[in-house]
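# Coordinate analysis (summary)
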Amino acid sequence: MDSLPTITKNERLLALTACLLITFSMGTVHAFSTLIQNIEIQTNVGRMASSLVYSVALVNVTLSVFFGHILYRKFSPNSLIFLIAILPIIGLLFSSSQSWIGWMIGYGFLFGLSSGLGYGLSLFIVSSITDREKLGYALGLVTASYAFGAVAFSMIYPFLFSHFGFIDGYVFGLLSLSLMVLISLTLFKVSNARVGRGLNSNTQINSKKPKIIKLWFGYFLGVSAGLMTIGHAVPLIVSYGGSALTGITAITLMTLGSAIAGIYAGWLVDQFGCKRPLIIILFINCFALLGLSILTSINLIITLLVIIASLYGAVIAIYPTLVNHLVGRELSSRIYGRVFTAWGAAGLISPSLAGWLFEKNNSYDISILFTLSLSLIAVIIVWKIKYSINQ
């Protein structure tokens, strides 16, 4: 069993609080829907071009988590937290040019990298300082905080824009986020928490390849439905006769449900291990998708969408702990970086595929049934992963 660095309860609490502040701040990259129309007006580009800014951000979030283990070994957490705070400010220098390429560099590239680094580093720190018996709950909090940041700034950004205008409101919001990360740096320094640097053994990594492949496909298939419904919630509800305002309300509820479910899923993992809760969650997801393909009542549709998004939040909260349990604390950051690319791939493919299928069929029915089949396959893959609660 991997040993923990010596750390007191208060030190652990301060370090955890620092990580929660980081992930809350960096999760705001996913509040992009509140920026998109203003970016289009400011840069005089269409919806596809403006959406590409967020797609590039998702790619860079994924790359940061994938390559993060290299940075964790070479640099101290203090240096990396400072970098996380500074990158979005540098990004402001580009986005303030009010050009599309400026937003691509400032938001898509630099803020995306900072967001992924903040998320991955926080998971790494918390994994390093938390006892196995409480690991699921702690990592669930980190993942939930990332989602809460998106929820909060989906409401804060419109408020700032209405009072200060888009440019000044965005600058104020981003500077506030960077300040929050600098406060987390102070907390982490005060905590005196010491984290391991992880292993860099290709031999051990290669021996885990069969598990990595199963984990990757289980993750990719398991989150596809959630990413599809979150990405298309408004047009999906409109296709059933609802209003755009109803769709926006549904997105808020879905994101909030995803965050809350992440906390509860983390607690479940500590009680029952990862495999059983994950299989049950994916099964419930299948039934929710089946209901979504059959029912037509707007209220029921919204309820099912919130359930699917909440289950998605539970899956992404469980996976870091599942990887940690399967490969050990020392290898988890490197292997989770590989597995996390499944989320990035699903985030790019699932919403785009759903849009293409809708254009072909003028309905979301095929997209829903397709993601239902993916969820069923995910159940089978997770079932075949060898896992023991005492592992």
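### Quick word on the overall build of the protein
- What the protein contains, in helices and strands, is 15 helices and zero strands.
- In terms of C-alpha radius of gyration, the protein reaches 20 Å, essentially the compact-globule figure of 21 Å for 391 residues.
- Summarising its shape, the C-alpha atoms of the protein cover approximately 55 × 50 × 35 Å along the three principal directions.
- Across the 391 residues in the protein, those meeting the buried criterion constitute 55%.
- For the protein, restricting intrachain contacts to residue pairs at least 6 apart in sequence, the fraction spanning at least 24 positions comes to 85%.

### Some words on the confidence of the model for the protein
- Summary statistics for the protein give a mean pLDDT of 90 and a share of 94% for residues scoring 70 or more.
- Confidence, expressed as mean pLDDT per element, reaches its minimum in the protein at helix 8 (residues 202-207) with 57 and its maximum at helix 4 (residues 77-95) with 96.

### What about the side chain of Ser 333?
- Inspection of the secondary structure puts Ser 333 in helix 14 (residues 329-361).
- Apart from the residues lying within four places of it in its own chain, the contact partners of Ser 333 are His 69, Tyr 72 and Phe 124.

### Overview of the side chain of Ser 184
- Residue placement: Ser 184 occurs in helix 7 (residues 166-191).
- Taking relative accessible area as the criterion, Ser 184 reaches 0% and is therefore assigned buried.
- Polar side-chain contacts of Ser 184 include one of 2.4 Å to the backbone oxygen of Val 181.
- If near-sequence neighbours (up to four positions away) are discounted, Ser 184 is found in contact with Ala 18, Leu 21, Ile 22 and Ile 81.

### Regarding a nonpolar patch on the surface
- Among the surface-exposed residues, Phe 283, Phe 287, Leu 290, Ile 294, Leu 295, Leu 300 and Leu 376 lie close enough to one another that they form a single nonpolar patch of about 650 Å² accessible area.
- Of the residues forming the nonpolar patch, the biggest block, four residues, is contributed by helix 12 (residues 275-294).
- Checked against the element boundaries, Leu 290 lands in helix 12.

### Description of the packing of aromatic side chains
- Summed over all chains, the structure comprises 24 aromatic pairs.
- For the pair Tyr 107 and Phe 111, a centre-to-centre distance of 5.2 Å together with 90° between the ring planes defines the contact as edge-to-face. Taken together, the residues span about one helical turn, with Tyr 107 and Phe 111 both in helix 5 (residues 100-129) at a distance of four residues.
- Using a relative accessible area of 1% as the deciding quantity, one classes Phe 111 as buried.
- Note on Phe 340 and Trp 343: the rings are 5.0 Å apart at their centroids and 20° apart in plane angle, and the pair reads as stacked.

### Topic: unusual backbone geometry
- Of note in this structure, Gln 98 is not a glycine but carries a positive phi near 60°.
- Phi at Asn 192 takes a positive value of approximately 55°, unusual for a residue other than glycine.
- Residue Asn 192 is classed as partly exposed on the basis of its relative accessible area, which comes to 46%.

### Some points on the nonpolar core
- Judged by nonpolar contacts, the single largest core of 98 residues is most densely connected at Tyr 107, Tyr 157, Tyr 170, Tyr 219 and Tyr 319.
- The element that contributes the greatest number of residues to this core is helix 5, accounting for twelve residues.
- The residues touching Tyr 219, leaving out its near neighbours within four places in the chain, are Val 315, Ile 316, Tyr 319, Tyr 336, Val 339, Phe 340, Ala 342 and Trp 343.
- Core analysis: the next-biggest nonpolar cluster, separate from the first, contains 23 residues, Ala 225, Val 306, Ile 308 and Leu 372 among them.

### Regarding the packing of helix 6 (residues 135-164) against helix 13 (residues 298-327)
- Interhelical geometry of helix 6 versus helix 13 gives an angle of 140° and a closest axis separation of 8 Å. It follows that helix 6 is oblique to helix 13 by the angle criterion. In this structure, helix 6 crosses over helix 13, and the sense of that crossing is right-handed. Side by side, helix 6 and helix 13 meet where Leu 135, Gly 136, Leu 139, Gly 140 and Thr 143 of the first sit next to Ile 316, Ala 317, Pro 320, Thr 321, Asn 324 and His 325 of the second.
- Residue composition of the contact of helix 6 with helix 13, by class: five nonpolar, six polar and no charged.

The rules we used
Per chain, residues are indexed from 1 in the order of the written sequence. Two thresholds apply to this predicted model, a pLDDT of at least 70 for residue-level local features and 80 or more for giving and counting side-chain atom pairs, whereas whole-chain, interface and lining totals are computed over all residues. Hydrogens and waters are ignored; side-chain quantities use all the structure's heavy atoms. Strands here mean DSSP runs of E at least two residues long; helices mean DSSP runs of H or I at least four residues long; both are numbered from the N terminus. Atoms considered for the radius of gyration are the C-alpha atoms alone. The globule rule reads 2.2 Å times the number of residues to the power 0.38. Each residue is assigned to one of three classes by its accessible area relative to the maximum for its type, calculated with a 1.4 Å probe on protein chains only: buried under 20%, partly exposed between the two thresholds, exposed over 50%. Here, two residues are considered to be in contact whenever any of their heavy atoms come within 4.5 Å of each other. Confidence scores here are pLDDT values: one per residue, from the predictor, ranging 0 to 100. Counting of polar contacts relies on pairs of N or O atoms within 3.5 Å, with two restrictions inside protein: one atom must be capable of donating a hydrogen and the other of accepting it, and residues adjacent in sequence are counted only when both atoms are side-chain atoms. Patch membership requires over 30% relative accessible area and the absence of a salt bridge. Like charges are linked within 9 Å, and nonpolar side chains (Val, Leu, Ile, Met, Phe, Trp, Tyr) within 5 Å. The accessible surface values rely on the Shrake-Rupley method and a 1.4 Å probe; as for residues, cover is taken only from the protein chains in view. Any carboxyl oxygen of Asp or Glu within 4 Å of a side-chain nitrogen of Lys or Arg constitutes a salt bridge here. Only centres within 6.5 Å qualify two rings of Phe, Tyr or Trp (six-membered ring in Trp) as a pair; their planes then separate them into stacked at under 30 degrees, edge-to-face at over 60, and tilted for everything else. To define a nonpolar core, start from buried Ala, Val, Leu, Ile, Met, Phe, Trp, Tyr and Cys residues and group those joined through side-chain atoms within 4.5 Å. Geometry is summarised by axes, namely lines fitted to C-alpha atoms with helices restricted to the contacting stretch, and by angles between N-to-C directions that run from 0 to 180 degrees. Here the angle decides the label: under 35 degrees means roughly parallel, over 145 means roughly antiparallel, 65 to 115 means roughly perpendicular, and every other value means oblique. Crossing chirality is assigned from the near helix's rotation relative to the far helix, an anticlockwise turn below a right angle marking it left-handed and a clockwise turn marking it right-handed. Three residue categories are used. Nonpolar comprises Ala, Val, Leu, Ile, Met, Phe, Trp, Tyr, Cys and Pro, charged comprises Asp, Glu, Lys and Arg, and polar comprises the others, including Gly.

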